[in-house]
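# Remarks on the overall topology
These are the residues of each chain, in order.
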Amino acid sequence: MLRFPHALGILNNKKFDTRHALYLFCLVILFWALFDATIAYLVPITITERGISNTLMGVIVGTSSIAGAFFDFLLCRFLGNTYYKRLFIWMFAVCLFVPLVLFQAHSFWMFLLAMVLWGIYYDFKGIGIFNFVGRNTSFEKHAESFGLIQIFLSLGYLIAPLFVGFLVAERFDWRPFVLAWIFIGISIFFFIALILLSRQLEGASQAIQEHSERKQEKLATEIRLWRGVGRALFPVLFFTFLITVADAYFWTIGPLVAEELVDSLGVFSGAFMAAYVLPPLLVAFFVGRYTKKFGKKYGAIISFFLGSCLLLLFPFFGMTPWILVGVFFASVGISLSLPSINGAYADYISETEEYEKEIEGLQDFYTNLGFVFGPMSAGYLSDVIGNLEAFVYLGLFCGVAVVILTLFMPKSINVKQRMQSIG
């Protein structure tokens, strides 16, 4: 299992290697996650506080991923390579604008702009993480590396709701937006440290970058590549869509549930979202052993199915502290599936480097599709049948879809071979 040394030890280490780069990258991700979780918590509350219905709120939130899905294709079409340092520089530039736009937004179009920016920076982050892991970790360490990164993502998503929930429970004002800027500023600091300290690794990174560089394809060729890789990886891509839909439900109506829990939990109402993001932090410690026993694809399917079944019990808990228990155990199953399936993607990228951009782009494209369908359906169902009841429909949809998907999931997927057979 990877171990995380003292952060100052990394910064003072004269012999900076890929292992240290991973640890420092995790610090970048931690504070980025604190920033993103703050924004994610504030978005549904800000929109509904300013007189917009849950249904329209879901539509607005879903537009972030419509923009992201379109942006995925543009990245593959026009980006020379997917080098993570370049992607993260652009990501930070966009992140700095989001809190300001969201805080100033009072109209549908201003909220729409904030969501477009949100979708763009999330795309940069997702593709950048895949590129970093592919460049800096060995094949057999892919799932474990994603597990470690998931630990720090989860830490950020665990801590931020508690801070923001406390601030919002008192009064809704400018303070959580300033908090978001502080988090992204610290993330930028660690990113600069990563760039400076990893210069001695630049030779190897440059070699990989040049190796993965591919001439810009024509539009028709890029569409053909996306269609071919998409057909080869469809079962895995659709499973990514399901995971994202489940995640989108929690982040779209979860903060609204937390607002309803103020009566029973007071300023600790943010614990609802904290209970959802705590399991990814815990399961990441044994995801490597889990995938070795069950396999990456089928291990992900088993855990996700069990988590989906637990969603059916949410209305029985009601708006009481017991709902935190239900959220926690449902999240255990859902969160264990994410690093497992991401490890499978990293395997495919390592096996077929010539299709790296297409695999990364399609993975993020299906993630964005999930964040379109998820918020829109969650917002509508929460208006029609209630917040907790909406999770029942989510559990039914995901559970049935996983059973059907299992019937068509091939035992192994060779992207290069499938591409040759597709022609």
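The following paragraphs examine the structure supplied in this document.

What counts, and at which threshold
Residues numbered from 1 in each chain as written. Predicted model: local features only at pLDDT ≥ 70, side-chain atom pairs only at ≥ 80, totals over all residues. Heavy atoms only, no water. Helix = DSSP H or I, 4+ residues; strand = E, 2+ residues; numbered from the N terminus. Buried < 20%, exposed > 50% of the residue type's maximum accessible area, 1.4 Å probe, protein only. Contact = heavy atoms within 4.5 Å. 1 Å grid on protein atoms, 1.4 Å probe; cavity = no way out; pocket = protein on both sides within 12 Å on 5 of 7 lines; lining within 4 Å. Points joined across faces, edges and corners; volume = space filled by probe spheres on them. Core = buried A, V, L, I, M, F, W, Y, C linked by side-chain atoms within 4.5 Å. Axes fitted to C-alpha atoms, helices over the stretch in contact; angles between N-to-C directions. Parallel < 35°, antiparallel > 145°, perpendicular 65-115°, else oblique. Left-handed = near helix turned anticlockwise from the far one by under 90°. Nonpolar A, V, L, I, M, F, W, Y, C, P; charged D, E, K, R; others polar. Expected span 1.5 Å × (residues − 1). Patch = residues over 30% accessible without salt bridge, like charges linked within 9 Å, V, L, I, M, F, W, Y side chains within 5 Å. Areas by Shrake-Rupley, 256 points an atom, 1.4 Å probe, with all protein chains shown as cover. Salt bridge = Lys/Arg side-chain N within 4 Å of Asp/Glu carboxyl O. Phe/Tyr/Trp six-rings, centres within 6.5 Å; stacked < 30°, edge-to-face > 60°. Lys NZ or Arg CZ within 6 Å of the ring centre and 35° of its normal. Bend = angle between axes of the 7 residues up to and from the residue.

Here we come to the overall build of the protein. Each helix and strand counted, the protein has 20 helices and 0 strands in total. Buried residues in the protein amount to 61% of all 423 residues. Partitioning the contacts of the protein with sequence separation of at least 6, the portion at a separation of at least 24 is 85%.

Within this structure, the stated rule accounts for 3 cavities of 30 Å³ or more. Estimates place the volume of the largest cavity at around 880 Å³. Residue lining of the largest cavity: 43 residues in total, with Y122, K125, D247, L338 and F371 positioned closest to the centre. Among the secondary structure elements, those contributing two or more residues to the lining of the largest cavity are α2 (18-49), α3 (54-78), α6 (108-136), α7 (142-170), α11 (234-260), α13 (271-283), α17 (322-351) and α18 (356-384). A total of 8 residues in the lining of the largest cavity trace back to one element, the largest contributor, which is α6.

Let us look at the nonpolar core. Counting residues in hydrophobic clusters, the biggest one holds 134 residues, and the most contacted among them are W32, Y121, F250 and F272. Considering each element in turn, this core owes the most residues, 23 residues, to α2. Aside from chain neighbours lying at most four places away, what touches W32 is M91, C95, Y121, Y122, K125, L153, Y157, I184 and S187.

Direction vectors running N to C along helix α4 (residues 84-95) and α6 enclose 155°, while the axes themselves pass 8 Å from each other. Taken together, the axis directions place α4 and α6 in an arrangement best described as roughly antiparallel. Pair α4 / α6 crosses with left-handed handedness. Contacts between α4 and α6 involve Y84, L87, F88, W90, M91, V94 and C95 on the former and, on the latter, L117, I120, Y121, F124, K125, I127, G128, I129, N131, F132, R135 and N136. In terms of residue class, the contact of α4 with α6 is made up of 14 nonpolar, 3 polar and 2 charged.

The residue G51 is located in the loop between α2 and α3 in this model. The spatial distance from the C-alpha of G51 to the C-alpha of H106 is 9.1 Å, given a sequence separation of 55 residues.

Between the first and last C-alpha of α6 there are 42 Å, a value that for 29 residues agrees with the 42 Å anticipated at 1.5 Å per step. Taken across its 29 residues, α6 has 23 buried, putting it largely inside the fold.

Here we take up a nonpolar patch on the surface. There is a patch of nonpolar side chains on the surface, built from L96, F97, L100, W174, V178, W181 and I182 and spanning about 670 Å² of accessible area. Of the residues forming the nonpolar patch, the biggest block, 3 residues, is contributed by helix α8 (residues 175-197). Position of L100 relative to the elements: it lies in helix α5 (residues 98-104). For L100, a relative accessible area of 41% puts it in the partly exposed group.

For the coordinates displayed, the defined rule picks out 27 aromatic pairs. Aromatic pair W32 and Y121: ring centres 6.1 Å apart, planes at 80°, arrangement edge-to-face. Within this pair, whereas W32 is found in helix α2, its partner Y121 is found in helix α6, the two being separated by 89 residues in sequence. W32 gets classed as buried once you look at its relative accessible area, which sits at 0%. For the pair F328 and F329, a centre-to-centre distance of 5.2 Å together with 90° between the ring planes defines the contact as edge-to-face. Overall, F328 belongs to the partly exposed group, its relative accessible area being 21%. A residue is classified by how much of its surface remains accessible, and F329, at 48% relative accessible area, is partly exposed. Over the ring of Y122 we find K125; its NZ or CZ atom is 4.2 Å from the centre of that ring.

With that settled, the discussion passes to α13. Between its first and last C-alpha atoms α13 spans 19 Å; for 13 residues at 1.5 Å apiece the expected length is 18 Å, and the two agree. Bending of α13 peaks at approximately 25° at the position of V277, with proline P279 no more than four residues after it. With 10 of its 13 residues buried, α13 lies for the most part within the structure. Buried within α13 are the following residues: F272, M273, A274, A275, Y276, V277, P279, P280, L281 and V283.

Attention now moves to the side chain of T38. As for its position among the elements, T38 is in helix α2. According to the relative accessible area criterion, T38 is buried, its value standing at 0%. Excluding its chain neighbours within four sequence positions, the residues that come into contact with T38 are A160, V164, P176, A180 and F183.

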